[in-house]
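# A look at the structure
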Amino acid sequence: MDVSSDENDESRPRKKRVLESNTVASVPTPPPAPKWSNPDPYTVLPPPDESQSKKVDVVKLIRKARIAASAQPVKTDAVADNEDFISFGDLVDEEERNHQPPQDAPVGPRSHLQGRDSAVGNRKRTHDDELKGLSKKTGKPLNKFYADGSIIDEWRVRPSETGTPWVNHMPSTLHLGTRLHNEILSFYHWVKPVQYEQIVRADLIERLQSAFQSRYYGVQLRPFGSFASGLYLPTADIDLVLLSSNFMRHGIKTFGERKGQIYAFSAYLKNTDLPVPGSIETIAHARVPILKFVDKMTGLRVDLSFDNDSGLVANTTFQQWKSEYPTMPVLVSVIKQFLLLRGLNEVPCGGLGGFSITCLVTSLLQHLPHGVASQNLGGILMDFFEFYGHHFEYETVGIRMNPPGYFNKRVYKVFRDNKDSRLSIEDPNNPDNDVSGGTREVALIFRSFRDAYHLLKDRMISTGMAGNYQSSILESIIAANYDEYTEQRWQLRQVFQTHPRFARYQRPPTPPPPPQSPPPVDSAPPPLPPNSPPPSQEPKEKLTKLQRKQQASRERAARLKRLRPDLPSVPDSITNEQALSLAGYKSQSDMDRDLANREKEMKAVDQD
């Protein structure tokens, strides 16, 4: 391809160039084209031929610009280049040099924040002293797994850390099996939700509930999944379902049937100022439409579905399994953390979801001998990794939860459509549903289980041989950088302690009433009136009918003795009929009238 250049123009004779320029100048200028909007198709002239006009040579223009740029002199700045800088590095005192920090030491907080938000200085910093901005979490799965099933980079332990913060809370013991059992319990108590986490997450549901009810009358927002079952990790998302009144009353789906509804919910949610800006992800074309976003106040991730009660039905199943197998939540927390560190816990990425993990653990507990499930957690964890890592053939065998058992995948049509490379777990609440049908990376997951079994076994052997009973056994499979857990809990604690919505939880408890002051020592009790019966020293209690009758007989006898001293002998207890006959009264009214008059006369005599 020939390209024109400035050298070719200069090499031609000057006369030839002048003749060419005169020829171009002598060409008459064509008249302007008419500018009417609707030309006559029979009389209008054809459009001018643009191929006859002179074209712009872009390559030539670029070459000219490069030549002009290279011809300009290079500007130098002595101040910017530090040409007059004189180094005093060799003049530093030896004692001062010894006090210099190492090269890889953190530089500490920065004091200059010009041009930034004033709140930036209050944000936490990373290990490399970088300011943390707003939450970068989105609804999209962030984890990527490696082909060998190793821990992903964001969870790798730093050299200066142990990666096992739960070991400090574990009692020491010499027996390795008991030590692994205690460490599993210690990890569970360290990672399980604390009270303020549960309160802040429940408040998030209340805020979303009120926001949707202000726009859509009669709707209900219900949690399901790990939050409803209490089996969630500190950074786990919250699964919610929005139920319409028509669905709750008649079971007819109203929300999510049209794609436009999902986008309308997304637009309304954006206007509520609840999510982090730019964090809303609308998945309207999936089999189960979902809205994913990050809460602005807490930084928690939320997955919102519509008019689907399958997760709500599973809540009852979770609670039943927890009461039947108390060790299930403890083992599930370890398996969830194990897969999370390797990025194999996200179903969209082919990982194993929380419901499938719970089913695997529960299925193992269902087939253990009676009483073994409550003995040693370390042994059950080793059995889990060994069974699913070495012996379970997921290509041909499926798992049934109710009743407990296994089935041949190639016999059942529902699971025959599932490829042999997928794990199959029959939904305990819907036999036609495959819980783990989306687990594409089941081969890698089960291979990781096999490696975990060997890692735990080797660690226990090496610990026993070395006699080091203070080291962690779970460190071989779940040691990681848990700063994300610490930061998430710190953020939730800050929200819980500072936000006005949680002020009622910060109020101190009402103090008990002050004790009644005892009576003065010198003061004596007031004197009893004359001829009054002594006060009863018996404690007040509810009397039976017979006891009340006997008490009335005694009081009647004492009254007769006091007001009728003329009677020869009055027993200590007397009935009403005996009192009438003994005192000679004709009726009850005569006796009451006479005794009342005698009592008045006695009081008058005492006053005189």
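Residues numbered from 1 in each chain as written. Predicted model: local features only at pLDDT ≥ 70, side-chain atom pairs only at ≥ 80, totals over all residues. Heavy atoms only, no water.

All right, on to the overall build of the chain then. Helices and strands together make up the secondary structure of the chain, namely 22 helices and 9 strands. Within the span of the chain, comprising 608 residues, buried residues form 35% of the whole. Put simply, 61% of the contacts in the chain that link residues at least 6 apart link residues at least 24 apart. Surface exposure of the chain reaches about 39300 Å², of which carbon and sulfur atoms provide 54%. (Helix = DSSP H or I, 4+ residues; strand = E, 2+ residues; numbered from the N terminus. Buried < 20%, exposed > 50% of the residue type's maximum accessible area, 1.4 Å probe, protein only. Contact = heavy atoms within 4.5 Å. Areas by Shrake-Rupley, 256 points an atom, 1.4 Å probe, with all protein chains shown as cover.)

Moving on, we come to the nonpolar core. Judged by nonpolar contacts, the single largest core of 65 residues is most densely connected at F385, F449, L474 and Y482. For this core, the secondary-structure elements that each account for two or more residues are α6 (176–191), α12 (328–341), α13 (354–367), α14 (377–391), α16 (442–466) and α17 (475–478). The biggest single contributor to this core is α12, with 10 residues. Here Y482 is in contact with W155, G163, P165, W166, F187, W190, Q337 and L341, once residues within four sequence places are set aside. (Core = buried A, V, L, I, M, F, W, Y, C linked by side-chain atoms within 4.5 Å.)

This part is about the environment of A236. Mapped onto the secondary structure, A236 falls in the loop between α8 (226–229) and β2 (238–243). Among all residues touching A236, those that are not within four sequence positions of it are R201 and S226.

With that settled, the discussion passes to the packing of helix α11 (residues 310–324) against α13. Packing of α11 against α13 leaves a shortest axis separation of 12 Å and a crossing angle of 35 degrees. Crossing hand, α11 versus α13: left-handed. Here A314, F318 and W321 of α11 lie close against α13, whose contacting residues are F355, T358, C359, T362 and Q366. For the contact of α11 with α13, the residue count by class is 5 nonpolar, 3 polar and no charged. (Axes fitted to C-alpha atoms, helices over the stretch in contact; angles between N-to-C directions. Left-handed = near helix turned anticlockwise from the far one by under 90°. Nonpolar A, V, L, I, M, F, W, Y, C, P; charged D, E, K, R; others polar.)

Let us look at the packing of aromatic side chains. In this description, a pair of aromatic rings is defined by centroid distance and the angle of the planes. According to the stated counting rule, one finds 37 aromatic pairs in the structure shown. A ring pair is formed by W190 and Y482, whose centres lie 5.3 Å apart and whose planes are at 85 degrees; its orientation type is edge-to-face. Residue W190 is found in helix α6, and its partner Y482 is found in the loop between α17 and α18 (483–498); the two are separated by 292 residues along the sequence. Here the two residues W190 and Y482 agree in accessibility, since each one is buried. Judged by centre distance (5.4 Å) and plane angle (65 degrees), the ring pair of F318 and F355 falls under edge-to-face. Pair noted here: F318 is in helix α11 and F355 is in helix α13, with a separation of 37 residues, a long-range link. A relative accessible area of 6% means that F318 is categorised as buried. What makes F355 partly exposed here is its relative accessible area of 22%. These aromatic residues form a ring-pair network of at least three members: F338, F384, F385, F387, Y388, F392, Y394, Y406, F446 and F449. The ring of W190 carries the charged tip of R489 above its face, separated from the ring centre by 6.0 Å. (Phe/Tyr/Trp six-rings, centres within 6.5 Å; stacked < 30°, edge-to-face > 60°. Lys NZ or Arg CZ within 6 Å of the ring centre and 35° of its normal.)

Turning our eyes to something else, we now look at the confidence of the model for the chain. When pLDDT is averaged across the chain, the result is 78; 71% of the residues are at 70 or more. Across residues 78–97, where pLDDT falls below 50, the model places 4 contacts with residues more than four positions away in sequence or in other chains. Considering only residues more than four positions removed or in separate chains, one finds that residues 105–143, a stretch of pLDDT under 50, has 52 contacts. (pLDDT = per-residue confidence, 0-100.)

Strand order in this open sheet of 4 strands is β7-β6-β8-β9, and the pairing throughout is mixed. Strands with a single pairing partner mark the edges of an open sheet, and in this sheet they are β7 (405–408) and β9 (430–434). Geometrically, the sheet is characterised by an average inter-axis angle of 40 degrees between neighbouring strands, direction not taken into account. When strand β6 (residues 397–400) meets β7, the two strands line up antiparallel, connected through 4 bridges. From the neighbouring strand, G398 faces β7, where its bridge partner is F407. (Pairing = 2+ DSSP bridges.)

Attention shifts here to the pairing of β9. Bridge analysis of strand β8 (residues 425–427) against β9 gives 2 bridges, and the strand direction is antiparallel. Paired with E426 across the two strands is D434, which belongs to β9. With antiparallel pairing between neighbouring strands as the criterion, β8 and β9 make up a hairpin whose turn holds 2 residues.

Turning our eyes to something else, we now look at the sheet that holds strand β3 (residues 281–283). Within a beta sheet, neighbouring strands are joined by backbone hydrogen bonds and run either parallel or antiparallel to one another. As summarised here, the arrangement of the 5 strands in space is β1-β2-β5-β4-β3, forming an open sheet in which the pairing is mixed. In this open sheet, the two edge strands, each paired with only one partner strand, are β1 (220–224) and β3. Sheet twist, expressed as the average angle between the axes of neighbouring strands with direction ignored, equals 25 degrees. On the sheet, α11 packs against β1 and β2 and is oriented at approximately 50 degrees with respect to β1.

A few words on the pattern of salt bridges. Overall, the coordinates contain 17 salt bridges when judged by the stated rule. Linking K296 and D273 is a salt bridge whose minimum nitrogen-to-oxygen distance equals 3.2 Å. Separated by 23 residues along the polypeptide, K296 in the loop between β4 (290–294) and β5 (301–306) and D273 in the loop between α10 (259–271) and β3 bring together distant segments of the chain. Two residues, R450 and D451, come together in a salt bridge whose shortest N-O distance is 3.7 Å. In the salt-bridge network here, residues are joined through shared partners; they are D203, R207, D295 and R501. (Salt bridge = Lys/Arg side-chain N within 4 Å of Asp/Glu carboxyl O.)

Below, the discussion takes up the environment of S553. Relative to the elements of secondary structure, S553 occurs in helix α20 (residues 545–563). According to the relative accessible area criterion, S553 is buried, its value standing at 9%. Along the sequence, S553 and S573 sit 20 residues apart, while their C-alpha atoms lie 5.0 Å from each other. Every residue in contact with S553, bar those within four places of it in the chain, is listed here: D572, S573, I574 and T575.

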